[in-house]
Amino acid sequence: MQILAGKPNPLGATFDSEGVNFAVYSENALAVDLCLFSNDAITETHRISMQCNALGIWHTYIRGIEPGQLYGYRASGPYAPNHGHRFNPHKLLIDPYTRAIDRPCNNEAESLASLSDTYASANNHINSSDNAKSNTSSSVSNNNNTSTVDTAHIMPKSVVINPTFDWQGDTSPNTPWNKTIIYECHVKGFTMRHPDVPPPLRGTYLGLSHPVIIDHLKRLGVTAVQLLPIQQYQNEPHLIKRQLNNYWGYNTVAFFAPELRYASAPGQPAVNDFKTMVQQLHHAGIEIILDVVFNHTAEGGEPGQWLSMRGLDNAVYYHLDPNDHSRYRDYTGCGNSLNLHHPRVLQFVVDCLRYWKAEMHVDGFRFDLTTTLCRDPIDFKRRCHLLGVISQDPVLAQAKLIAEPWDVGYGGYQLGQFPNGWAEWNDKYRDTVRRFWRGDDGQAPELASRITGSSDLFPNRSPQASINFITAHDGFTLLDLVSYDRKHNDANGENNHDGFDHNFSHNWGIEGPTNDPQINLKRQTAMKNMLATLLLSQGVPMLSGGDELARTQNGNNNAYCQDNEISWHDWNNTNQSYSLIEFTANLVALRNSLQVLQRQKFFTGKSNKFNGPRDLTWLNVTGHELSASDWSDTDLHTLGMLINGNAIITNDQNTSLINIETVLLWLNATSKSVNCTLPKNDDGNVWIEQLNTAGNSRGHIKKNSIEVAPFALTLLVLCTK
């Protein structure tokens, strides 16, 4: 083994067939040591002083070591929380750029105590040795106000990987936004209980790409899976104390590393398993969107843990309170917020995104609590550094980009404020559809805006800026949405205080499961209504994994810590699931067959340049256009949406008519059947009912009206006679 100076770029551990270059950033450290470990992950075999360049990058090159080498860092400097510094060379640190780790953190109470910052604020002061950078070994002493317990024996080790992989010509499906159907799911929960997935593969990346799972996704018509976080995450101390696990994964500790809980083995196999999953899904024409968490890290707030960035350079990586640098600005509710105003932290996030896109071949990203990433540093800025860098990056500009447009801080709700090229989770769509179908008054005008693409929210963009959803990982499942009036989160150990209280749900007569056939029929129709509304709306539909199986969480609307049957998909639920699977698949097929449902421009509601009919008209039950007084009536619960395909102009040159389908959607959110008059048709064409959520479609409609059942939806298509 030969130790050389190495290079400051690229950051991370880079294998070049002869050895490995190590580079890590710390602006305020006085010394950084690279620690190498034997295969037992306990014995520290070498501790190597790294050199620092003028830009704060510490680097060294070790000739003679290979992929599989375990390593970590120790950073020395002042422990002075009042000045933002929390250096402690007794704490082994994960490389922020590591591509893999060898194991998760030990979840024992002893480990928590050893990793926790004691935060001895009374005696904190700048270490007298705080002077110019030093290239000497870690002899710089830590002051006596913090833990001196060495954590090497309990900390995960970073792993050097070999990036070589036979992609076999893999390319992205590049599905256009207007033809995208997203399926949000959890890698483990999706396959953990599937009887046809081999037991060793259940709950893994390879299980998700098993042929039986791909067949299910293809059967539904899914074009993209949106995976809950798969970057290496860590359990929170409060969950460990309650003997629970962070199931969702929104607590990242190693952003470049695939979560090894879903891998066949730690280290290199985790990377290869993930790549194999991507390759197989791409081969089936299915894109992969990652839910990424760059708003905070697993290290927590003031009494948090030394895992990586806190020990490398706390004052750089995190937003600190300018009036008290010992405290963190917390816009996430998780204790800290990453400081993307620092160029190296911004580089870290962009490098990470580029790695997952270019090296791991994912197709897009859904950014958790995106508002936090755009604070400057307090207020939201639409033209923030991160969005600007992404927009001009040739790799990331090709990715599907989805914002969760809110956080928990002041002014955090920013729906509709992101730039062109971004789509956004539209919770107004979710809430409006839920409220309309449970019969709330005054929802019709809002519903009209939501199902036509929310042009009021995205006026200078397109319908594809709206990610429409009824349910997601956070909240009730679809079955629970129609089975419970209130949350039932007792299993979480927080006295049912966690989770949303305003779910706009409706149990249709009794709380929870029932054998009453009438209530179960109402619930099934209610689920079909919401699925149909979702797939027939303008915008990008997102299905929540398992809703097509009538998955239940027993009324738990915050199952983030339930890594068990509460969250895992039940593939043997045959009571209601089969009809919903077929119903959902038929809905997607119907959407794909109708061009009017895949528009890339908003409706105008006006006659086109050829003086033909209007592209969109809203009807009352008499078949006439809804008047202003109709719209202002809070008791309006039945309406028709007429989309005239003959009025739609080509999207590009606006020089000719597309001449596509004309459809009529009737929505009846009342407890009585409604007889709806059909628009006059003088060309001899006939209306054909393609969808009826209350029963079988009735085919050709020979009368000039149609009866829409209570709390039901019907779709008609005008066809040439």
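Look a little higher up for the structure.
Fair warning: this is a prediction, and the values are worked out from it, not measured in the lab.

Draft legend 1. Molecular detail of the environment of Leu340. Note on placement: Leu340 falls in the loop between strand 18 (324-328) and helix 8 (343-359). By relative accessible area, which is 6% here, Leu340 ends up buried. In the structure, Leu340 is positioned 45 residues away from Asn295 in sequence and 9.0 Å away in space, judged by C-alpha atoms.

Draft legend 2. Just the packing of helix 11 (residues 427-437) against helix 12 (residues 444-451), in detail. As a packed pair, helix 11 and helix 12 sit with axes 9 Å apart at the nearest point and diverge in direction by 135 degrees. The orientation of helix 11 with respect to helix 12, classified from their angle, is oblique. For the pair helix 11 and helix 12, the sense of crossing is left-handed. Touching Lys428, Tyr429, Thr432, Val433 and Phe436 of helix 11 are Glu446, Leu447, Arg450 and Ile451, all from helix 12. Broken down by class, the residue content of the contact of helix 11 with helix 12 amounts to 5 nonpolar, 1 polar and 3 charged.

Draft legend 3. View of the nonpolar core. Of all hydrophobic cores here, the largest spans 173 residues; its most connected members are Phe22, Leu227, Phe274, Leu290, Trp356, Phe365 and Phe367. Among all residues touching Phe365, those that are not within four sequence positions of it are Ile289, Leu290, Val292, Leu353, Trp356, Lys357, Leu396, Ala399, Lys400, Leu401 and Ile402. Membership of the second largest hydrophobic core comes to 13 residues, among which are Ile182, Ile402, Trp406 and Met542.

Draft legend 4. Region of the structure containing the packing of helix 11 against helix 14 (residues 517-536). One can describe the packing of helix 11 onto helix 14 by two numbers: an axis separation of 10 Å at closest approach and a directional angle of 140 degrees. Relative to helix 14, the element helix 11 is oriented oblique. Considering the relative orientation of helix 11 and helix 14, their crossing is right-handed. Here Tyr429, Val433, Arg434 and Trp437 of helix 11 lie close against helix 14, whose contacting residues are Asn529, Met530, Thr533 and Leu534.

Draft legend 5. Molecular detail of helix 10 (residues 385-392). Those residues of helix 10 that fall on the buried side of the exposure criterion are Leu386, Leu387 and Ile390. Mapping the buried residues of helix 10 onto a view down its axis gives an arc of 95 degrees, with all of them on the same face. In the core, the buried residues of helix 10 are packed alongside helix 8, strand 19 (364-367), helix 9 (370-373), strand 20 (400-403) and strand 21 (422-425).

Draft legend 6. Summary view of the sheet that holds strand 28 (residues 686-692). Taken together, 6 strands build an open sheet; the order of strands is 24-25-26-31-28-29 and the sheet is antiparallel. Because the sheet does not close on itself, it has two edges, and the strands there are strand 24 (616-619) and strand 29 (699-701). Within this sheet the neighbouring strands show an average axis-to-axis angle of 25 degrees, counted without direction. Taken together, the 4 bridges between strand 24 and strand 25 (residues 638-643) define a ladder with antiparallel strand orientation. Note that in strand 25 the partner of Trp618 across the bridge is Met641. Sitting on the sheet, helix 12 touches strand 24, strand 25 and strand 26 (662-668), and the angle it makes with strand 25 is about 30 degrees. Relative to the sheet, helix 14 contacts strand 26, strand 28 and strand 31 (712-719), its axis offset from that of strand 31 by approximately 40 degrees.

Draft legend 7. Main features of the pattern of salt bridges. On inspection of all chains with the given rule, the structure shows 28 salt bridges. A salt bridge links Asp291 to Arg366, with the nearest nitrogen and oxygen atoms 2.9 Å apart. Note that Asp291 is positioned in strand 16 (residues 287-292) and Arg366 in strand 19, a separation of 75 residues in sequence. In this structure, Asp291 and Arg366 share a single accessibility class: buried. The residue Lys487 makes a salt bridge to Asp501 at a minimum N-O spacing of 2.9 Å. Here the residue Lys487 occupies a position in the loop between helix 13 (478-481) and helix 14, and Asp501 occupies one in the loop between helix 13 and helix 14, the gap between them amounting to 14 residues. Taking relative accessible area as the criterion, Asp501 reaches 57% and is therefore assigned exposed. Sharing partners across several salt bridges, the network here consists of Glu44, Arg47, Arg74 and Asp150.

Conventions adopted
- Residues numbered from 1 in each chain as written.
- Predicted model: local features only at pLDDT ≥ 70, side-chain atom pairs only at ≥ 80, totals over all residues.
- Heavy atoms only, no water.
- Helix = DSSP H or I, 4+ residues; strand = E, 2+ residues; numbered from the N terminus.
- Buried < 20%, exposed > 50% of the residue type's maximum accessible area, 1.4 Å probe, protein only.
- Axes fitted to C-alpha atoms, helices over the stretch in contact; angles between N-to-C directions.
- Parallel < 35°, antiparallel > 145°, perpendicular 65-115°, else oblique.
- Left-handed = near helix turned anticlockwise from the far one by under 90°.
- Contact = heavy atoms within 4.5 Å.
- Nonpolar A, V, L, I, M, F, W, Y, C, P; charged D, E, K, R; others polar.
- Core = buried A, V, L, I, M, F, W, Y, C linked by side-chain atoms within 4.5 Å.
- Arc of directions from axis to C-beta.
- Pairing = 2+ DSSP bridges.
- Salt bridge = Lys/Arg side-chain N within 4 Å of Asp/Glu carboxyl O.

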